[in-house]
Amino acid sequence: MRKVDTRKKIGILTSGGDAPGMNAVIRAVVRTAMYHNIQVFGILRGYEGLISADFHEMTSKDVSDIIHRGGTILRTARSEEMMTEEGEKKAAQVCNVLQLDALVVIGGDGSLTGASKLARHGVNVIGIPATIDLDLDCSEYTIGFDTAVNTGMEAINKIRDTSSSHERCSVVEVMGRGCGQIALWCGVTGGAEEIMIPEYKDINLDAVIRQIMENRGKGKNHNLVLVAEGIGDSYNISVEIEKITGIETRSIILGHLQRGGIPTAVDRMHASMMGYKAVELFVGSAKNRVVVMKGGKYTDLDIFEALEEKKPYNHELYDIIKILSI
């Protein structure tokens, strides 16, 4: 008679935009599950792979030597089908066929929204926030943010060197479609004179140009303007600045450079701890939770409540940038 495997089973997937540290999360989830004798299935290409049942069983060996790697070994994709009721049902059905006791979802707002939809179809989900944009209001930190900021800061350091040499203005566009956190942090750490972010409506091109002209009047021979992806149009912004001020201006779009690279120690630590906490939640019979950071500590929230959390924009960082740029 064939022996029936009665071990608990969990699935794991990475969804949406990749973020440095995702591999460290995968490693932590798999190895913590192995410690508890839990079977793990890695699902390839996010919800797209879940709907098409593209998976394989994972062991401790599968996650060897990946903690330092950017990207995700499970690969990722955005699934249009998952945005439909039929797609949700297909994904939930695959979870049932695989007899998964839980599905660990690593990603940002869209990924966790998809997880909440699966929860409504009876799938036990555990979310882990991983997005370079730091745009999940339910958590003080999201995996990948520190690496993205450090990548941006390193690029800005090099841009400032040549900008100073030629007495130019540099317009640097960083990632952040609906959130300006990367721009704010890069602004403080890179010594920007001005930033343009989606949250701060009072800053427009006229205000930026006035600031640049004031800076030149004070004897500054170069200017750095940071533009969040959500504002965009950095090339035309640079053209307009040069036309009005007469200062040679260049635009640089960092783009997906910020998604890649070796995750920092900060991201590896948060990723490892959140991956571990996710499995421990499952072992403790928790259902439909998101691992988050609150008050500098790791905790968890109901996934539906977590997605409803909204925190107001705090303009303190922008005010600090203006003070330090005098």
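Definitions and limits used
Residues numbered from 1 in each chain as written. Predicted model: local features only at pLDDT ≥ 70, side-chain atom pairs only at ≥ 80, totals over all residues. Heavy atoms only, no water. Axes fitted to C-alpha atoms, helices over the stretch in contact; angles between N-to-C directions. Helix = DSSP H or I, 4+ residues; strand = E, 2+ residues; numbered from the N terminus. Parallel < 35°, antiparallel > 145°, perpendicular 65-115°, else oblique. Left-handed = near helix turned anticlockwise from the far one by under 90°. Contact = heavy atoms within 4.5 Å. Nonpolar A, V, L, I, M, F, W, Y, C, P; charged D, E, K, R; others polar. Patch = residues over 30% accessible without salt bridge, like charges linked within 9 Å, V, L, I, M, F, W, Y side chains within 5 Å. Areas by Shrake-Rupley, 256 points an atom, 1.4 Å probe, with all protein chains shown as cover. Salt bridge = Lys/Arg side-chain N within 4 Å of Asp/Glu carboxyl O. Core = buried A, V, L, I, M, F, W, Y, C linked by side-chain atoms within 4.5 Å. Buried < 20%, exposed > 50% of the residue type's maximum accessible area, 1.4 Å probe, protein only. Expected span 1.5 Å × (residues − 1). Polar contact = N/O pair within 3.5 Å; in protein donor to acceptor, adjacent residues only side chain to side chain. Pairing = 2+ DSSP bridges. Phe/Tyr/Trp six-rings, centres within 6.5 Å; stacked < 30°, edge-to-face > 60°.

Chemist: Describe the packing of helix α5 (residues 145-166) against helix α6 (residues 181-190), and please don't skip the residues or the numbers.
Modeler: Closest axis-to-axis distance for the α5/α6 pair is 9 Å, and the angle between their directions is 45°. Here α5 is positioned oblique relative to α6, judged by the angle of their axes. As α5 runs across α6, the sense of the crossing is right-handed. Across the interface between the two elements, F145, A148, V149, G152, M153, I156 and R160 from α5 touch Q181, I182, W185, C186, T189 and G190 from α6. A breakdown of the residues in the contact of α5 with α6 according to their chemical character gives eight nonpolar, four polar and one charged.

Chemist: Tell me about a nonpolar patch on the surface, residues and numbers included.
Modeler: A cluster of nonpolar side chains, namely V188, I320, I323, L324 and I326, defines an oily patch on the protein surface of about 490 Å² accessible area. By residue number, the principal contributor to the nonpolar patch is helix α11 (residues 316-324), which donates three residues. By the element assignment, I326 lies in the segment after α11.

Chemist: Describe the packing of helix α7 (residues 205-217) against helix α8 (residues 234-245), and please don't skip the residues or the numbers.
Modeler: Where α7 meets α8, the closest approach of the two axes is 10 Å, and the angle between their N-to-C directions is 50°. Here α7 is positioned oblique relative to α8, judged by the angle of their axes. Note on packing geometry: the crossing formed by α7 with α8 is right-handed. Note on element contacts: α8 touches α7 through I237, E240, I241, I244 and T245, opposite L205, V208, I209, I212 and M213. A per-class count over the contact of α7 with α8 returns eight nonpolar, one polar and one charged.

Chemist: Break down the nonpolar core for me, citing the residues and quoting the values.
Modeler: Formed by 71 residues in total, the largest nonpolar core has its most connected members in I10, I12, I106 and I128. The dominant element in this core, judged by the number of residues it contributes, is helix α1 (residues 22-35), at seven residues. If we ignore the near neighbours within four places in the chain, the residues touching I106 are I12, L13, T14, S15, M22, V25, I26, I128 and A130. In terms of nonpolar packing, the next biggest core, distinct from the first, is built from 29 residues, L50, A92, L100 and L307 among them.

Chemist: If you had to explain α7 to someone new, which residues and values would you point to?
Modeler: Between its terminal C-alpha atoms α7 stretches 18 Å, which fits the 18 Å expected from 13 residues at 1.5 Å a residue. A207, V208, I209, Q211, I212 and N215 are the residues of α7 that are buried. Check the buried side of α7 and you find it contacts β6 (169-174), β7 (194-196), β8 (223-228), α8 and α11. A side-chain oxygen of the first residue of α7 lies 3.2 Å from the backbone nitrogen of D206; this N-cap is N204. Note on α7: the residue one or two positions beyond its end, G219, has a positive phi of about 100°.

Chemist: How would you summarise the pairing of β6 if you had to cite specific residues and measurements?
Modeler: Walk down a regular strand and you will see the side chains alternate between the two sheet faces. Among the six residues of β6, six are classified as buried, and the element is accordingly described as predominantly covered. Strand direction decides the pairing type here: β6 and β8, joined by six bridges, are parallel. Across the sheet, V171 pairs through a bridge with V225, a residue of β8. As defined by bridge partners, β6 adjoins strand β9 (residues 249-253) across five bridges and the pair is classed as parallel. In the strand pairing of β9, C169 is matched with T249.

Chemist: I'd love a proper account of the sheet that holds strand β1 (residues 9-14), names of residues and values included.
Modeler: Within the open sheet, the seven strands sit side by side as β3-β2-β1-β4-β5-β10-β11. Their pairing is mixed. Each of the sheet's edge strands pairs with one partner strand only, and the pair in question is β3 (55-58) and β11 (297-302). Between one strand axis and the next, the sheet turns by 30° as a mean value, whatever way the strands run. As paired elements, β1 and strand β2 (residues 39-43) share four bridges and run parallel to each other. Bridge assignment links K9 to a residue of β2, and that residue is Q39.

Chemist: Give me the lowdown on the pattern of salt bridges, citing residues and values where you can.
Modeler: If you walk through the whole model with that rule in mind, you get twelve salt bridges. Residues E88 and K117 are paired through a salt bridge, measuring 3.9 Å at the closest nitrogen-oxygen approach. Taken together, the residues E88 in helix α3 (residues 85-97) and K117 in helix α4 (residues 109-120) connect sequence positions 29 residues apart. R250 is the partner of E248 in a salt bridge, and the nearest nitrogen-oxygen pair spans 2.6 Å. The class for E248 is partly exposed, based on a relative accessible area of 28%. A single network of salt bridges, built from pairs that share partners, joins R168, E248 and R250.

Chemist: Which residues make up the packing of aromatic side chains, and what are the values?
Modeler: A ring pair, where both rings are aromatic, is described by two values, the distance of the centres and the angle of the planes. One pass over the structure, following the stated rule, counts five aromatic pairs. With a centroid separation of 6.3 Å and 75° between ring planes, the pair formed by Y141 and F145 is classed as edge-to-face. Residue classification places Y141 among the buried positions, given a relative accessible area of 10%. What makes F145 buried here is its relative accessible area of 3%. Ring centres 5.2 Å apart and planes at 85° place the aromatic pair F145 and W185 in the edge-to-face group. Within this pair, whereas F145 is found in helix α5, its partner W185 is found in helix α6, the two being separated by 40 residues in sequence. Taken together through their ring pairs, the aromatic side chains of Y141, F145 and W185 make up a single cluster.

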